[in-house]
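Next come the chains, spelled out residue by residue.
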Amino acid sequence: MIDTLFTNARLADGSLATLAVAAGRFVSVGIAPRDRQAAETVDLGGRLVLPGFVDGHIHLDKSFVGDRWHPHRPAATLRERLANEKALLAAARPVAERAEALIALAAGHGTMAMRSHVDVDATTGLANLHAVMEAREHWAGRMAIELVAFPQAGILTCPGTADILDAAIREGADVIGGIDPTTLDGDADGHLDIVFGIADRRGAKVDIHLHEPGEGGIAQLGRIAERTAALGLNGRVAVSHAYALGDVPGAEVDRIAERLATAGVAIMTNAPGDRAFPPIARLRAAGVTVFAGNDNIRDAWWPYGDADMLRRAMLIGYRSGFYTDADLETALDMASGSAARVLGLDGYGIAPGCAADFVAMDAPNAAAAVAGVPAARQLFRKGKAITAL
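If you're wondering where the values come from, they're calculated on a predicted model, not measured in any experiment.

1. A word on the packing of aromatic side chains
Next up, step 1: Here the structure, examined in full by the defined rule, presents 4 aromatic pairs.
Next up, step 2: Judged by centre distance (5.3 Å) and plane angle (85°), the rings of F6 and F358 are edge-to-face. Of this pair, F6 sits in strand β1 (residues 2-10) while F358 is found in strand β14 (residues 358-361), placing the two residues 352 residues apart along the sequence. Neither residue differs from the other here; F6 and F358 are each classed as buried.
Next up, step 3: Ring centres of F26 and F358 lie 5.9 Å apart, and the angle between their planes is 40°; this geometry places the pair in the tilted category. Linking F26 in strand β3 (residues 25-30) with F358 in strand β14, this pair joins segments that are 332 residues apart in sequence.
Next up, step 4: Of the residues examined, F26 reaches a relative accessible area of 3% and is grouped as buried.
Next up, step 5: The exposure class of F358 is buried, given its relative accessible area of 0%.

The structure is reproduced here in structure tokens:
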């Protein structure tokens, strides 16, 4: 018995299909099975169906969503920005409340999985991690959340943080983070020894914030690729931002892209508004997995953001000069399929055997959805309508 037949569903290429769902998964996509009856039929009226979005990089512990408006405070240095952030967060609502508010905002737009970086260091300890884990528990079954233990203040420059990172993985974080091994910590090998050492010992993934520019940043990517290959971590390591890839000539991008692809190191970009960023099409052509996230949303770093990954795909396409349907579909894939692979989501997509988690909206195809970002969306989890905007 089929639980639900979704008729007049528009697929990414604009074609119409019938989606058959049983036990929360797609049984068929295309023509309705002739030999099986359905308990329910839902006419989607020609609306486009896309798999639930995946936010590959968000900071649930930092956002002021769910709190009062906090005017942005300019900062001249990273250390000044970190000090501003601590002061602002000290006066904000509890982390768990703000994290839940941001999860709810993202979920309302159709995001169904995310990777959240959470600050852990010798000063804050595991307090933020425990708070976000509490929010994750409340959203279990509705939002899949992978947690990164993120040493934003550095590791070597903040003594005791290495032990806190190790403890974070033991207590439930899924990914070990890092940040600017040379420019922030002053010792690339020492920093990466700790990050990859914990990953190897605990079986964790790796996701390193890399803001280091130019040749220095490219050298850092080479070190990360080398360690990834040496430890057999292909497909388990990501570098977030990797601004250096937008700083250097194409030939240099091609050389490091080959090393990243061979080692299985993925690159995350949110196409920030004030910075060069990785050349997405060039990296993907070389075989590098490039995925997307919203990054900071209405916090001490910048006042923007609505947690909508479809809008993020549009912004990525806009900033990248993506105009063809194929290019726009690339931007969407960064916020869906590619991000899902990085997070290791099983059964993701609009295909037989995949979880029937999808978003329906008025658009003639996937490219048009990225270009126009339809606001009205109906969300389905395991084939059941859960909410609408």
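2. Digging into the side chain of E252
Next up, step 1: The topology assignment puts E252 in helix α7 (residues 250-263).
Next up, step 2: An unpaired buried charge is present at E252: no salt bridge exists, and R255, the closest side chain of opposite charge, is 4.5 Å distant.
Next up, step 3: Sequence-distant contacts of E252, that is, excluding residues within four places in its chain, are made with E215 and I218.

3. Quick notes on unusual backbone geometry
Next up, step 1: With a phi angle near 85°, H241 is a residue other than glycine that sits in the positive phi range.
Next up, step 2: Positioned with a positive phi, A242 is a non-glycine residue whose angle comes to about 45°.
Next up, step 3: With respect to the helices and strands, A242 occurs in the loop between β11 (237-241) and α7.
Next up, step 4: A residue is classified by how much of its surface remains accessible, and A242, at 0% relative accessible area, is buried.

4. Notes on the environment of I103
Next up, step 1: Along the chain, I103 turns up in helix α2 (residues 95-109).
Next up, step 2: Linking I103 and I31, residues 72 residues apart in sequence, is a C-alpha distance of 35 Å.
Next up, step 3: Not counting chain neighbours up to four residues away, the residues in contact with I103 comprise L60, M114, A135, W139, M143 and I145.

5. Some thoughts on the nonpolar core
Next up, step 1: Among the nonpolar cores identified, the biggest contains 91 residues, and L60, F196 and L221 are the most heavily contacted of them.
Next up, step 2: For this core, the leading source of residues is α2, giving 7 residues.
Next up, step 3: Beyond its immediate sequence surroundings of up to four residues, F196 is in contact with V206, I208, I224, R227, T228, L231, L233 and V237.

6. Focus on the sheet that holds strand β9 (residues 175-179)
Next up, step 1: Pairing in this open sheet of 8 strands is parallel, and the strands run β6-β7-β8-β9-β10-β11-β12-β13 from one edge to the other. The open sheet has two free edges, formed respectively by β6 (53-58) and β13 (290-292), since each of these has just one partner strand. Direction aside, the axes of adjacent strands within the sheet are offset by 25° on average.
Next up, step 2: Where β11 lies against strand β12 (residues 265-269), 4 bridges are found, and the strand directions are parallel. When the bridges of β12 are listed, V239 appears paired with I267.

7. Some details on the pairing of strand β10 (residues 205-210)
Next up, step 1: Where burial is concerned, most of β10 is hidden: 6 out of the 6 residues are buried.
Next up, step 2: Neither face of β10 is left uncovered, since the one carrying K205, D207 and H209 and the one carrying V206, I208 and L210 both have all their residues buried.
Next up, step 3: In terms of strand pairing, β9 meets β10 through 5 bridges, oriented parallel. The residue of β10 that forms the bridge with I176 is V206.
Next up, step 4: Assessed by its sense of winding, the connection that carries the chain from β9 through helix α5 (residues 188-202) to β10 is right-handed.
Next up, step 5: Chirality of the crossover, the property in question, places the unit of β10, helix α6 (residues 214-230) and β11 among those that are right-handed.

About the criteria used
- Residues numbered from 1 in each chain as written.
- Predicted model: local features only at pLDDT ≥ 70, side-chain atom pairs only at ≥ 80, totals over all residues.
- Heavy atoms only, no water.
- Phe/Tyr/Trp six-rings, centres within 6.5 Å; stacked < 30°, edge-to-face > 60°.
- Helix = DSSP H or I, 4+ residues; strand = E, 2+ residues; numbered from the N terminus.
- Buried < 20%, exposed > 50% of the residue type's maximum accessible area, 1.4 Å probe, protein only.
- Lys, Arg positive; Asp, Glu negative; His and termini not counted.
- Salt bridge = Lys/Arg side-chain N within 4 Å of Asp/Glu carboxyl O.
- Contact = heavy atoms within 4.5 Å.
- Core = buried A, V, L, I, M, F, W, Y, C linked by side-chain atoms within 4.5 Å.
- Pairing = 2+ DSSP bridges.
- Axes fitted to C-alpha atoms, helices over the stretch in contact; angles between N-to-C directions.
- Right-handed = clockwise from strand over helix to strand, strands pointing away.

Keep in mind these values describe shape, not function.
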